[in-house]
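# Structural features, examined
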Amino acid sequence: MLLRLIRRSYAAVRPLSTEASTTVKSTRSGGGSSITTSLEGGTSTATSTRGRDTLGRRLLSLIYAKRSAVTAIRKWKEEGHPVRKYELNRIVRELRRHKRFKHALEVCEWMRVQDDIELLSGDYAVHLDLIAKVRGMNSAEKFFEDLPDKLKVQTTCTALLHTYVQHKDTAKAESLMEKMSECRFLKYPLPYNHMLTLYISQGQLEKVPSLIQELKKNTSPDIVTYNLELAVFASQNNVEAAEKVFLELKKAKLDPDWITFSTLTNIYIKNSLQDKAKSTLREMEKRISRKGRTAYASLISLHTNLQSKDEVFRIWKEMKSLFRKVNDTEYSCIISSLLKLDEFGEAMNLYTEWEAGSVTKDTRIANLILAAYINRSEMENAVDFHNRMAEKGITPSCTTWKLLTRGYLKQKEMDKVLEFFKRTVTSVSKWDPDAKMVQEMFHVVEEQGDIQMAEQLLDTLRHAKYVNTEIYNALLRTYVNAGKMPMIVTERMKKDNVEMDEETRKLIGITSKMTVTEVPNGVA
């Protein structure tokens, strides 16, 4: 939940760090402070007029990354059309909004070599940010180092700081903050908000209070600062501290946004303060609009946590009326919410709706239904649904195989468990071990005294590079239950670099008195 709150708040931080702006100024509104940014020559309105051939339309139509934005600009000029900086800035904004970073970078690089285009520090900040996204942090650092000293100013330093935060490089971010402080570049809250985001995402919450105090000495917190602080107290489940932050925000005469009330609602729900949660949820809904589309999914999730089925259906209906097409994230949200509310039939209807119109074939959405069948102990339906996924061209993921493994594990069908567990660990380049599932698998084979299955599980885990003392102990307990003695187990543990503990020695002593078995296949 904390990471989700950070992402929401960070979404508000991110655009400000890299605007190609002519001005970055603090404005007071009833005692509060905020950052005002503007693109030179205009706002970030749509690049092109419908039905008219424009440079923006041509650049946005370059769907494939291999196509060159520079070629498109040159052709536009050759046709006798003017190329204006303010228009290119707007196009870069649109390309970034659509995550078309390579083409946006090409436009920036083209502008940089034009004699008749004068670039400002904000333009270089955008350029640096795009280099980081396309070529990585080291290239962004090199770009910054090569800038003339007159361009190593507040905006470009903040863009570099943003890059360090994105790459979670705490040491470099802290070092840059010190240099920015020396240069008196910390007179607005954005750099502090970046650092707060970094500390929270890294779990370094102990650094947050002192950083906020430093921020208050140099400038005034903005709404993003307060939302990040609220996110910290939400993670700590501290209602009193969160309410204190909210009162401070009101005293600063800042307007709370939907993220503010979403965070408060979450805290109240976790502490069973239903009336307060419903009140803040109403305030949240007053502050959402089509522009803040992600807020609707948050509304649905919060109403779900309050067990408000009618409200969930109401918000979903409103979303469908507002937006021409519902995206995968929103379908995932509503389907998971309906499943939590025990509305399986409605969830299945919406899944079928998504399935019919989806071009992404996102496995994560299908996995929600698969998990629901398995949780309901309807393994036959789960298998049928898995077959349906294959028929619809939805590629299984590691999670898909893991769900099926768990489903068969509940039924103690160990042949199927082993089959799907092997697919789980081989479907990814590096398997993220699930210790609980491994423990449960060995618990079943121990009960059954199935030494062949235990050996095969060990072999699978060895290939997944996850073998430890407890796994060998589970293997030995299986042999004990089967009344058999394993061969060369000490040598095998040594080969796997696994240490014995007291239980291991005890189990080896017990099995040494039992019937000898053959050396398992694959053991040298």
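Here, residues in each chain are numbered from 1, in the same order as that chain's written sequence. With pLDDT at 70 or above as the cut-off, local features in this predicted model cover only qualifying residues; side-chain atom pairs require 80 or more to be listed or tallied, and sums for whole chains, interfaces and linings still use all residues. Calculated side-chain values reflect all of the structure's heavy atoms, with hydrogen atoms and water omitted.

### As for the overall build of the chain
Put simply, the test is: The secondary structure listing takes helices from DSSP runs of H or I that are at least 4 residues long and strands from runs of E that are at least 2 residues long, numbered from the N terminus. Relative accessible area decides the class of each residue, using a 1.4 Å probe on protein chains only: under 20% of the type maximum gives buried, over 50% gives exposed, and in between gives partly exposed. Residue contacts follow a heavy-atom distance rule, with two residues in contact if any of their heavy atoms lie within 4.5 Å. To measure how exposed things are, a 1.4 Å probe is used in the Shrake-Rupley method; for residues, cover is taken only from the protein chains shown.
When you go through the chain residue by residue, the secondary structure sums to 28 helices and 4 strands. The buried share of the chain, taken over its 524 residues, is 49%. Put simply, of all contacts in the chain between residues at least 6 apart along the chain, 63% involve residues at least 24 apart. Element-wise, carbon and sulfur atoms account for 49% of the exposed surface of the chain, whose accessible area totals about 26,700 Å².

### Brief notes about helix H3 (residues 69-78)
Since the α-helix turns once every 3.6 residues, residues separated by three or four places project in the same direction. Rules: What the arc measures is the spread of directions leading from the helix axis to the C-beta atoms. In protein, a polar contact means a hydrogen-donor-capable atom and an acceptor-capable atom, both N or O and within 3.5 Å, with residues adjacent in sequence counting only if both atoms are side-chain atoms; elsewhere, any N or O pair within 3.5 Å suffices.
Along H3, the residues classified as buried are Ala69, Val70, Ala72, Ile73 and Trp76. Looking down the long axis of H3, one finds its buried residues gathered within 160° of arc, a one-sided arrangement. Exposed and oriented more than 90 degrees from the buried face of H3 are Arg74 and Glu78. For H3, the secondary structure elements touched by its buried residues are helix H2 (55-60), helix H4 (85-97) and helix H5 (101-112). A distance of 3.2 Å separates the backbone nitrogen of Val70 from a side-chain oxygen at the start of H3, and that oxygen is part of Ser68. Residue Gly80 follows H3 closely and has a positive phi angle near 95°.

### Quick word on the packing of aromatic side chains
Threshold: Planes of paired rings set the category: under 30 degrees apart is stacked, over 60 is edge-to-face and the rest tilted, where pairs are Phe, Tyr or Trp rings (Trp by its six-membered ring) whose centres lie within 6.5 Å.
Applying the stated criterion across every chain yields a total of 12 aromatic pairs. Arranged with centres 5.9 Å apart and planes meeting at 25°, the rings of Trp401 and Phe420 form a pair that is stacked. Placement of Trp401 in helix H22 (residues 398-410) and of Phe420 in helix H23 (residues 414-426) is noted, with a sequence separation of 19 residues between them. The same class applies to Trp401 as to Phe420, namely buried. Measuring from ring centre to ring centre gives 5.6 Å for Phe421 and Trp431, while their planes differ by 80°; the resulting arrangement is edge-to-face.

### Regarding the environment of His167
In this structure, His167 sits in the loop between helix H8 (154-166) and helix H9 (170-182). Each C-alpha atom, one on His167 and one on Met137, is 7.5 Å from the other, the two residues being 30 residues apart in sequence. Setting aside its immediate chain neighbours within four residues, His167 contacts Ala132 and Met137. In terms of polar contacts, His167 uses its side chain to reach the backbone carbonyl oxygen of Thr163, at 3.0 Å.

### Quick look at unusual backbone geometry
The backbone phi angle of Lys253 is positive, close to 60°, even though this residue is not glycine. Structurally, Lys253 is set in the loop between helix H13 (239-251) and helix H14 (258-270). Of note, Asn497 is a non-glycine position whose phi angle comes to about 55°, a positive value. Here Asn497 is to be found in the loop between helix H27 (489-495) and helix H28 (502-511). On the basis of relative accessible area, Asn497 is assigned to the exposed category, the value being 70%.

### Things to note about the pattern of salt bridges
We apply this condition: Whenever a carboxyl oxygen of Asp or Glu lies within 4 Å of a side-chain nitrogen of Lys or Arg, that contact is scored as a salt bridge.
The tally for this structure, following the rule as stated, stands at 37 salt bridges. Notably, a salt bridge pairs Arg314 with Glu311, separated by 2.6 Å at the nearest N-O pair. Remark: Glu311 and Arg314 occur in helix H17 (residues 309-322); sequence separation between them is 3 residues, near one turn of the helix. Arg314 sits in the partly exposed class, given a relative accessible area of 32%. Taking the relative accessible area as the measure of exposure, Glu311 reaches 26% and is therefore partly exposed.

### Focus: H22
Condition: Expected helix span is taken as 1.5 Å per residue step, with the number of steps being one fewer than the number of residues.
With 13 residues, H22 extends 19 Å between its outermost C-alpha atoms, agreeing within 8% with the 18 Å of an ideal straight helix rising 1.5 Å per residue. For H22, the set of buried residues is Thr400, Trp401, Leu403, Leu404, Thr405, Gly407, Tyr408 and Leu409. Turning to H22, the residues buried within the fold contact helix H20 (363-375), helix H21 (379-391), H23 and helix H24 (435-448). Looking at the residues trailing H22, positive phi occurs at Lys412, about 60°.

### Describing the environment of Tyr192
With respect to the element layout, Tyr192 can be found in helix H10 (residues 190-201). Judged by its relative accessible area of 0%, Tyr192 falls in the buried class. Sequence separation between Tyr192 and Thr219 is 27 residues, and the spatial gap between their C-alpha atoms is 9.9 Å.

### Some words on the nonpolar core
Note that soluble globular proteins tend to have their nonpolar side chains buried in a common cluster. Stated precisely, the cut-off is as follows: Take the buried residues of types Ala, Val, Leu, Ile, Met, Phe, Trp, Tyr and Cys, join any two whose side-chain atoms come within 4.5 Å, and each joined set is a nonpolar core.
Ranked by internal contacts, the top residues of the largest apolar core, which has 157 residues, are Leu88 and Tyr351. Tyr351 has contacts with Ile335, Ile365, Ala366, Ile369, Phe385, Arg388 and Ile394, leaving out every residue within four places of it along the chain.

### Some details on the side chain of Asn227
Its location among the elements puts Asn227 in helix H12 (residues 223-235). Relative accessible area serves as the criterion here: at 1%, Asn227 is assigned to the buried category. Within the structure, the side chain of Asn227 is placed 3.1 Å from the side chain of Asp257, a separation counted as a polar contact.

### A word on the environment of Ala372
Counting through the fold element by element, Ala372 comes out in helix H20. Taking relative accessible area as the criterion, Ala372 reaches 10% and is therefore assigned buried. Sequence spacing of Ala372 and Ala347 is 25 residues, and the spatial spacing of their C-alpha atoms is 10.0 Å. If near-sequence neighbours (up to four positions away) are discounted, Ala372 is found in contact with Leu339 and Phe344.

### Considerations on the UniProt feature "repeat: PPR" (unreviewed entry) in the chain
Basically, it comes down to this: UniProt positions are given in the numbering used here, feature names are shortened, and annotations may be inferred rather than shown by experiment.
According to UniProt, the feature "repeat: PPR" (unreviewed entry) maps to residues 222-256 and 362-396 in the numbering used here. Between the end C-alpha atoms of residues 362-396 there is a gap of 10 Å, over a span that is 74% helix and 0% strand.

### Topic: the packing of H20 against H21
The packing of two helices is summarised by the inter-axis angle and the distance between the axes. Note the threshold: Only the stretch in contact is used when a helix axis is fitted, and all axes are lines through C-alpha atoms; the angle between N-to-C directions ranges over 0 to 180 degrees. Each angle receives one of four descriptions, namely roughly parallel if under 35 degrees, roughly antiparallel if over 145, roughly perpendicular if within 65 to 115, and oblique otherwise. Here a crossing is taken to be left-handed if its near helix is turned anticlockwise relative to the far helix by less than a right angle, and right-handed if that turn runs clockwise. Charged residues are taken to be Asp, Glu, Lys and Arg, nonpolar residues to be Ala, Val, Leu, Ile, Met, Phe, Trp, Tyr, Cys and Pro, and polar residues to be all remaining types, Gly included.
H21 packs onto H20 with a crossing angle of 165° between their chain directions and a minimal axis gap of 8 Å. Overall, the two elements H20 and H21 adopt an arrangement that is roughly antiparallel. Crossing geometry of H20 relative to H21 is assigned as right-handed. Packed against H20, whose contacting residues are Thr363, Ala366, Asn367, Ile369, Leu370, Tyr373 and Ile374, the element H21 presents Met379, Asn381, Ala382, Phe385, His386 and Met389 at the interface. Broken down by class, the residue content of the contact of H20 with H21 amounts to 9 nonpolar, 4 polar and no charged.

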